[in-house]
Amino acid sequence: MSLTRPDLDALPAYVPGRSVPGAIKLASNEVPYGPLPGVVEAVTSAISGVHRYPDLAAVELRGRLAARLGIDPERVATGCGSVALFEHLFRVTCLPGDEAIYAWRSFEAYPIIAATTAATSVRVPNTTVHGHDLDAMAAAITDRTRLVIVCNPNNPTGTAVRKAELDAFIDRVPADVIVALDEAYREFVTDPAVPDGLVEYGDRPNVVVLRTLSKAWGLAGLRIGYLVGSPEVAGAVRKVVTPFSTSLAAQAAALAALDAEAEMRRRVDLVVAERARVVEAVRKVFPDVPDTQANFFWLPIGEQALDFAAQCERAGVIVRAFQGDGVRVTLGTPEENDAFLGAL
Ligand SMILES: *Cc1c(COP(=O)(O)O)cnc(C)c1O
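Residues numbered from 1 in each chain as written. Predicted model: local features only at pLDDT ≥ 70, side-chain atom pairs only at ≥ 80, totals over all residues. Heavy atoms only, no water.

Draft legend 1. The arrangement of the overall build of the chain in detail. Within the chain, the secondary structure is distributed over 12 helices and 12 strands. Radius of gyration (C-alpha) of the chain: 20 Å, near the 20 Å computed for a compact globule of 344 residues. The principal-axis extent of the C-alpha atoms belonging to the chain is close to 55 × 50 × 50 Å. Out of the 344 residues in the chain, the part that is buried amounts to 53%. Long-range contacts, defined here as pairs at least 24 residues apart, represent 72% of the contacts in the chain between residues at least 6 apart. Carbon and sulfur atoms make up 56% of the accessible area of the chain, which amounts to about 15,000 Å² in all. Distance from the positive charge centre (33 side chains) to the negative charge centre (42 side chains) of the chain: 3 Å. (Helix = DSSP H or I, 4+ residues; strand = E, 2+ residues; numbered from the N terminus. Rg over C-alpha atoms; globule rule 2.2 N^0.38 Å. Buried < 20%, exposed > 50% of the residue type's maximum accessible area, 1.4 Å probe, protein only. Contact = heavy atoms within 4.5 Å. Areas by Shrake-Rupley, 256 points an atom, 1.4 Å probe, with all protein chains shown as cover. Lys, Arg positive; Asp, Glu negative; His and termini not counted. Charge placed at Lys NZ, Arg CZ, Asp CG, Glu CD.)

The following block contains the structure:
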């Protein structure tokens, strides 16, 4: 007898990047430069009000995000990380048996969320160069499909789909199927051919864009992400959000971080400069590293992944292995990246 759903036995658990005392952590796609200026002060002063509930609707924060993006706040939902918003999106789109399509390998949270929301996962294998196969994803749409996720750039491979191919793909998706663009790494994109989902497709009612303050904005530990969609879709997501899950500290920190956009950009530029340097060096050993538009890169080393990660750890560098597929390495400071290159 099982007290919980037996089908969950087959579900892989989310594997967080490991933190090992004293080691360099290049395993969770965090930016290495600490909280943005003003964030610690904002959180510290918010703490004196923690006996009160936060603003349920996160009105001020949604207003700030909307103003920054030039859209109506009714189109924004905030949540406890964009992972939570994905869960809500699945819940507002998929009934049991409905299908959610995503690329594989992609973000490891998707299959977990799909399984726990009773959606049926339809995984479409990546191309031989580790990017989304948008033709195959469009071909996989059936009359049960409710949701198609495009992770752009893709975690963990770093690859990005460009505007021409995404245009063609979105045109093929029926109007009653939602396309969710996961843009967790949007701030690191430098290729002008990689579209900003909001700018290019924001006027389409069946497109939603999910972003996070965990990565470029340095707030991974406070858990805050946002979703932008039509007022109907964003409103449905706000309805099912766990009440008060955008915490008081998270709202205060997010407002302070958004005030520090210039510093965020400066830090992102440092990471992007390192990306070019490090990937070039890594390709001398692994020529097949795909081009990356994110703050990490992918070593497609298949069965060697676990062994490679273990050897890096012995050299004091923690990377993220995906058994049988490859290794994802986050870009850190120049010194941290040099430590990785030394281990390599
Ligand atoms: C990190 C990440 C997210 C968001 O993470 P949160 O911390 O929950 O906001 C979403 N999608 C992808 C692909 C990611 O890598």
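Draft legend 2. Broad picture of the sheet that holds strand β9 (residues 296-299). Strand order in the open sheet formed by three strands is β9-β12-β11, and the pairing between neighbours is antiparallel. Single-partner strands in this sheet number two, and they are β9 and β11 (320-322). Taken over all neighbouring pairs, the strand axes of this sheet differ in orientation by 20° on average, direction set aside. (Pairing = 2+ DSSP bridges. Axes fitted to C-alpha atoms, helices over the stretch in contact; angles between N-to-C directions.)

Draft legend 3. The arrangement of the state of the cysteines in detail. On inspection of all chains with the given rule, the structure shows zero disulfides. In this model C80 remains outside any disulfide bridge; the closest cysteine sulfur is found in C151, 19 Å from its own. Taking relative accessible area as the criterion, C80 reaches 31% and is therefore assigned partly exposed. (Disulfide = S-S within 2.5 Å.)

Draft legend 4. How the structure looks around the site of the ligand. In the vicinity of the ligand, 13 residues are found, and the nearest of them are D182, Y185, T212, S214 and K215. Between an oxygen atom of the ligand and a side-chain N or O atom of S214, the distance comes to 2.6 Å. Here the ligand has 380 Å² of accessible area as a free molecule, and 94% of this is covered by the chains. Of the residues contributing to the shell around the ligand, the split by class is five nonpolar, five polar and three charged. (Near = heavy atom within 4 Å. Polar contact = N/O pair within 3.5 Å; in protein donor to acceptor, adjacent residues only side chain to side chain. Nonpolar A, V, L, I, M, F, W, Y, C, P; charged D, E, K, R; others polar.)

Draft legend 5. Geometry of the pairing of strand β6 (residues 178-182). Counting buried positions along β6 yields five of five residues, so the element is predominantly enclosed. By the alternation rule, side chains of β6 split into I178, A180 and D182 and V179 and L181, which are all buried. Note that strand β5 (residues 145-151) and β6 share five bridges and pair parallel. By the bridge assignment, V148 is partnered in β6 with V179. In this fold, β5 hands off to helix α6 (residues 163-172), which returns the chain to β6; that crossover is right-handed. Relative to strand β7 (residues 207-212), β6 runs parallel, the two sharing four bridges. Bridge pairing in β7 places D182 opposite L210. (Right-handed = clockwise from strand over helix to strand, strands pointing away.)

Draft legend 6. Quick look at the side chain of T292. Within the fold, T292 resides in the loop between α10 (261-283) and β9. Since its relative accessible area comes to 8%, T292 is described here as buried. A polar contact is formed between the side chain of T292 and the backbone oxygen of F296, at a distance of 2.7 Å. Setting aside residues no more than four positions away along its own chain, T292 makes contact with G158, R275, V279 and F297.

Draft legend 7. Representation of a nonpolar patch on the surface within the structure. Taken together, the side chains of Y53, L56 and F244 define a hydrophobic patch exposed on the protein surface, amounting to about 360 Å² of accessible area. By secondary structure assignment, the location of F244 is in the loop between α8 (231-240) and α9 (248-259). (Patch = residues over 30% accessible without salt bridge, like charges linked within 9 Å, V, L, I, M, F, W, Y side chains within 5 Å. Salt bridge = Lys/Arg side-chain N within 4 Å of Asp/Glu carboxyl O.)

Draft legend 8. Examining helix α1 (residues 39-47) more closely. Every buried residue belonging to α1 is among V39, A42, V43 and A46, and all of these are buried. End-on, the buried residues of α1 take up no more than an arc of 95°, which puts them together on one face. For α1, the exposed residues lying more than 90 degrees away from the buried face are E41, T44 and S45. At its buried positions, α1 is contacted by α9. (Arc of directions from axis to C-beta.)

Draft legend 9. Inspection of the side chain of E187 at higher detail. Relative to the helices and strands, E187 resides in the loop between β6 and α7 (197-201). Buried charge without a salt bridge: E187, with R68 as the nearest opposite-charge side chain at an N-O distance of 5.6 Å. Residue contacts for E187: discarding those within four places in its chain leaves T212, A216, W217, M264, R265 and V268.

Draft legend 10. Molecular detail of the UniProt feature "domain: Aminotransferase class I/classII large" (unreviewed entry) in the chain. According to UniProt, the "domain: Aminotransferase class I/classII large" (unreviewed entry) feature falls on residues 24-344. Between the C-alpha atoms that bound residues 24-344 the distance is 14 Å, and the span itself is 40% helix and 17% strand. (UniProt positions renumbered as here; feature names shortened; annotations may be inferred.)

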